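One-letter residues, chain by chain:
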Amino acid sequence: MDNNALAELLFPDITETRAEVEARYPERVLPEGACVTRIGPSPTGFVHLGNLYNAIIAERIAHQSGGVFYLRIEDTDNKREVEGAVEMLIEAMDYFSVRFDEGATAGDDNGAYGPYRQRQRKGIYQVFAKELVSRGLAYPCFLTEDELNAIRDSQTAAKENPGIYGKYAEKNRSLTLEEIKANIEAGKTWVLRYKAVMTDEHISVDDAVRGRLEMPRNCMDFVLLKSDGIPTYHFAHVIDDHLMHSTHVIRGEEWLSSLPMHVELFGALGWEQPKYCHTATLMKIDPENGGKRKLSKRKDPELALSYYRQEGISRDAMWEFLLTLLNSNFEEWRLANPGVSYLDFPYTLEKMSVSGALVDLEKLRDISKEVICAMAPEKVYDEWYAWCAEYNKEYAELLSKYKDRTLAALNVGKGGKKPRKDIENWKQACDFMSFYYDETFKVYDEMPAECDGDTVKTFFTKYLESYDHSDDSAAWFDKVRAITDELGFAVKPKDFKKEPDKFRGSIVHVTNMLRIALTGHANAPDIWEVSHVLGEDIVRARLEKWV
Ligand code: GLU
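All of these numbers come straight from a predicted model, not from anything done at the bench.

A. Representation of the pattern of salt bridges within the structure. Under the counting rule described, the total for this entry stands at 45 salt bridges. In this structure, the salt-bridge partner of Asp286 is Arg293, at a minimum N-O distance of 2.9 Å. A relative accessible area of 9% places Asp286 in the buried class. You can call Arg293 buried: its relative accessible area is 16%. Residue Lys502 pairs with Glu499 through a salt bridge whose shortest N-O separation is 4.0 Å. The partly exposed category is assigned to Glu499, whose relative accessible area is 40%. Bridged by salt links that share partners, the residues Arg38, Arg72, Glu74, Arg121, Asp240 and Asp241 form one connected network.

B. Broad picture of the sheet that holds strand β3 (residues 102-105). On the basis of which strands lie adjacent, the open sheet formed by four strands has the order β1-β2-β3-β4 and mixed pairing. Edge positions in the sheet fall to β1 (36-39) and β4 (108-110), since each of these pairs with one other strand and no more. Recorded for the sheet is a direction-independent mean angle of 20° between the axes of neighbouring strands. Pairing of β1 with strand β2 (residues 68-71), which is carried by four bridges, proceeds in the parallel orientation.

C. Broad picture of the nonpolar core. Counting 160 residues, the largest nonpolar core has Phe128, Leu192, Phe235, Leu305, Trp384 and Tyr436 as its most contacted members. Looking at this core element by element, the count peaks at nine residues for helix α3 (residues 49-64). Sequence-distant contacts of Leu305, that is, excluding residues within four places in its chain, are made with Val47, His48, Leu49, Leu52, Ala92, Met93, Phe96 and Met318. By size, the runner-up hydrophobic cluster in this structure holds ten residues, among which are Tyr139, Ile164, Tyr165 and Val223.

D. Structural detail: the packing of helix α20 (residues 473-486) against helix α22 (residues 507-519). Interhelical geometry of α20 versus α22 gives an angle of 115° and a closest axis separation of 10 Å. The two elements α20 and α22 cross, and the hand of that crossing is right-handed. Taking contact as the criterion, the partners of Trp476, Phe477, Val480, Arg481 and Thr484 in α20 are, on α22, Ile507, Val510, Thr511 and Leu514. Counted by class, the contact of α20 with α22 contains six nonpolar, two polar and one charged residues.

E. Looking closely at the packing of helix α5 (residues 122-134) against helix α9 (residues 233-243). Orientation of α5 relative to α9, taken along the N-to-C sense of each, is 110°, at an axis distance of 10 Å. Relative to α9, α5 is oriented roughly perpendicular. Judged by residue contacts, Ile124, Tyr125, Phe128, Ala129 and Leu132 of α5 engage Phe235, Ala236, Ile239, Asp240 and Leu243 from α9. For the contact of α5 with α9, the class distribution of residues is nine nonpolar, no polar and one charged.

Calculation rules
Residues numbered from 1 in each chain as written. Predicted model: local features only at pLDDT ≥ 70, side-chain atom pairs only at ≥ 80, totals over all residues. Heavy atoms only, no water. Salt bridge = Lys/Arg side-chain N within 4 Å of Asp/Glu carboxyl O. Buried < 20%, exposed > 50% of the residue type's maximum accessible area, 1.4 Å probe, protein only. Pairing = 2+ DSSP bridges. Helix = DSSP H or I, 4+ residues; strand = E, 2+ residues; numbered from the N terminus. Axes fitted to C-alpha atoms, helices over the stretch in contact; angles between N-to-C directions. Core = buried A, V, L, I, M, F, W, Y, C linked by side-chain atoms within 4.5 Å. Contact = heavy atoms within 4.5 Å. Left-handed = near helix turned anticlockwise from the far one by under 90°. Nonpolar A, V, L, I, M, F, W, Y, C, P; charged D, E, K, R; others polar. Parallel < 35°, antiparallel > 145°, perpendicular 65-115°, else oblique.

Following this line, the structure appears as structure tokens:
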């Protein structure tokens, strides 16, 4: 077989040489040790938590080392592509503060190593495909869908490995140039396959997360270019990561089984492999049987990144949560370094877990409360407002109408050693904070059983008579105690516990009346602080309803 003639026959329009392509992608000028990383999502219209999870690793590795982090759109599978999916992906990453230095942008590209959408790189892949053909390392395969199915069936029946190799590859490997020409002229479609060697050799790869991996060397005549001339993921990834100078390929562990193909291609093309980092699959505890299982697109809404956005989980909480999942020492570091940015955490690939990463929404809730509690009220306001502007427009109007009151409210309970952690996400904040606005205020809880209608009336009458909005909290509380005593309730809860028959209840019941009247709930922040956020008019108006 004249391989050069075959290469010309298959790729008559490809005139650029490998050297010319490589010259367009020069070495990057970066400091010593700088890492170049990317995410390569497919625009399927479903952005999942794993996209953010891998993005955070890649971003940290690049930016901690003074390197480059870029976005490449892996759109080689046009059957799965959905209109607007690229924009959706870029927007989702942006929402969660993933900042790319280079790569695909909505409708365009930013950077010198593009194009960053694989379909636009068709001609580049074909230069290397043509070269492999001319070196006798790739060949056109005319197997039809039916023939492929028949091979698969017979392999299944004989319990053989599926795929095209050995005897299954023979027919197409041994076609003559004339036969190939005739097939093409007859309009038969073909894919380009890699010509693998049948061997029982093993390869070893040092995975940055998993350590040394030993695997059988690839024996499959796998597909390089599909019948439309678009490459498979395998071929595209190798060429792109080489030309774009990725130093690390961070991707899910589902790619481990195809690693031998990638190693084979790097070898065939004479390129150095990047460092592979195969990350653990996202898992959850199945609520039905308590066992660990993979997160499922069908069953688990929390696999979709949009879920966290809709629920109003703050982006900082998402990062802290994922960093906790990703690096076993993050939590310890966080305790030792409260108040500093998670970006100061020294992220390392070595500290990553290799067994499935457990997505625990309870844990996310706890982290979110901590994160929001530690945020400055202005930041809480801005993020909460932005969320409302998207998901709860009426509430956004309230927040902007009562901005000062809201900022003051966000400060309630923040003094002292144990600040309140009332807000867990922006959606729940709308419920929790609703009592600060007359428009949304509602009484949910019943007055305590110890306080009958007359007691409620008498209490609020007396309270309002003695109420002086300018009292400090000590003076205010003295008055509450005095009324408590007058009504026959114990001023000290423990006295009531000791001698319940002597009192009608305790100060806890009395202050609960106040909390319920002012906030709608028995469980609420400090009454004096809340009263000062609401202002005298609102306080009086809410209490007068009970008189
Ligand atoms: N397109 C691949 C995916 O969506 C990306 C794998 C990689 O990052 O190399 O899973």
